[in-house]
Amino acid sequence: MKAFVLRATGGLEHTVVAEVPDPALPGPGEVRVALRAAALNHLDLFVIRGLPGLPRAFPHILGADGAGVIDAIGPGVSAVQPGDPVLINPGISDYTCEFCRAGEHSLCVDYGILGEHHPGTLAELITVPAHNVRRVPKLEPALSWVEAAAFSLVSLTAWRMVVTRAAVQSGEWVLVWGIGGGVSLAAMRIAKLRGARVIATSSSDAKLARARELGADFTLNHQSLKIAREVRALTGKRGVDVVVDNVGETTWAESLRSLAKGGRIVTCGGTSGPKLVTDVRPLFWHQFSILGSTMGNAAEYAAVVEQLGQGHLRPVVDAVYPLEGAREAFERLDRGEQIGKIAVTIAG
Ligand SMILES: [Zn+2]
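Residues numbered from 1 in each chain as written. Predicted model: local features only at pLDDT ≥ 70, side-chain atom pairs only at ≥ 80, totals over all residues. Heavy atoms only, no water.

This part covers the overall build of the protein chain. The secondary structure content of the protein chain amounts to 10 helices and 18 strands. Over its C-alpha atoms the protein chain spans a radius of gyration of 20 Å, differing by no more than 12% from the 20 Å that the globule rule assigns to 348 residues. Considered along the principal axes of its C-alpha atoms, the protein chain spans approximately 60 × 40 × 40 Å. Sequence-distant contacts in the protein chain: of pairs separated by 6 or more residues, those separated by 24 or more amount to 69%. (Helix = DSSP H or I, 4+ residues; strand = E, 2+ residues; numbered from the N terminus. Rg over C-alpha atoms; globule rule 2.2 N^0.38 Å. Contact = heavy atoms within 4.5 Å.)

Around the zinc ion, the donor atoms from the protein are D94 (OD), C97 (SG), C100 (SG) and C108 (SG), and they sit 2.1 to 2.3 Å away. Relative to the metal, the four donor atoms surrounding the zinc ion lie at angles of 95 to 121°, and the coordination shape comes out tetrahedral. Written as a sequence motif, the donor arrangement for the zinc ion is D-x2-C-x2-C-x7-C. By relative accessible area, which is 7% here, C100 ends up buried. A relative accessible area of 7% places C108 in the buried class. (Donors = N, O, S within 2.8 Å, 3.2 Å for Na, K, Ca; no water. Tetrahedral: all angles 85-135°; square planar, octahedral: opposite > 155°, others 65-115°. Buried < 20%, exposed > 50% of the residue type's maximum accessible area, 1.4 Å probe, protein only.)

Spatially, β2-β1-β4 is the arrangement adopted by the three strands of the open sheet, whose pairing is antiparallel. Of all strands in the sheet, those with a lone pairing partner are β2 (15-19) and β4 (60-61), marking the two edges. As paired strands, strand β1 (residues 2-6) and β4 are joined by two bridges and run antiparallel to one another. Pairing of V5 across the sheet is with I61, part of β4. (Pairing = 2+ DSSP bridges.)

Time to look at the state of the cysteines. Working definition: the covalent bond between the sulfur atoms of two cysteines is a disulfide. Summed over the entire model, instances satisfying the criterion amount to zero disulfides. C268 carries a free sulfur, and the closest cysteine sulfur to it, the one in C108, is 19 Å from it. Take C268: its relative accessible area is 30%, and that puts it in the partly exposed class. (Disulfide = S-S within 2.5 Å.)

Further remarks concern the nonpolar core. L87, V174, I179, M188 and V244 are the most contacted members of the largest nonpolar core, which has 58 residues in total. Of all the secondary structure elements, the ones that give two or more residues to this core are β3 (30-39), α3 (145-165), β11 (173-176), α4 (182-193), β12 (197-202), β14 (240-244) and α9 (298-309). Considering each element in turn, this core owes the most residues, 13 residues, to α3. What I179 contacts, discounting residues up to four positions off in sequence, is S184, L185, M188, A200, T201, S202, K207, A211 and I339. One finds L40, I92, L122 and A319 within the second-largest nonpolar core, a separate group that totals 34 residues. (Core = buried A, V, L, I, M, F, W, Y, C linked by side-chain atoms within 4.5 Å.)

Turning to its location among the elements, T251 is positioned in the loop between β14 and α7 (252-258). Sequence spacing of T251 and H222 is 29 residues, and the spatial spacing of their C-alpha atoms is 9.3 Å. Within polar-contact distance, the side chain of T251 engages the side chain of D245 at 2.8 Å. (Polar contact = N/O pair within 3.5 Å; in protein donor to acceptor, adjacent residues only side chain to side chain.)

Next up, the structure:
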């Protein structure tokens, strides 16, 4: 089959569309999906540049997000049948460890993500556990393959951050940094679904205009404005209840300065760098909570797919490329020009 692979870590120059062996036919409890589209995430760029011990072998098939048609099912699978259109949850858990037994699949001791720890979705075929797929919900107008592929990783991640970890309530103030990013945009939309008031930031006025169309109550350009000062002005000096910060090093101090007493800051990563400096004095005095979050569990995935089925959280697609253009697609992601998801179609 054709796949977009990494031949060595270091950069996009090591990526290529190549002919690779088909994945194995599905074993017990597994399904094989003929992919129709895949979507890009910042995670893929981290894998391309190199993470400790990853990937485990080359050539490595990239891509966490994808959607397609069930091509074959293994023994014991009854929830889906060949021909069914499915979304794929990119998080792979063993379903046997103490955390999985407690329903916390993204805390699994053997947790892995497609395209990072396992062969990815930028390929014609992928074999995954059956509990990682769900039928594509029927919508009017119907979801495109590209929209279906763009849904899972950011929606699941943002749901756990906003609903489970930060427990955003109706009427609360939420600050979301870098609204061009897929998780940030999904977090804003989920916070709006929860009835929160959302302040979104970006360095691009065009992205801020789009954010207002998509539900942001207030938008701030973080290139030209001191965010904490603006947040104090917007909230009558109070600050926000929750900050969603996936930027990291360059934003952390302003995030802490933007919080109301008792505020929560939730993060699933740092696109600007991993080392955060936290002054302990406001942390304890104002009783802030710092919350880490990664992907989500099976119940959270079911919840976001149900939201999609009700017409919410339909992915915003920024640009679409053919599989042969996947490197160009990653170059666009790397330049940070997008608002919403960049996707790749797979001919099949
Ligand atoms: Zn587990």
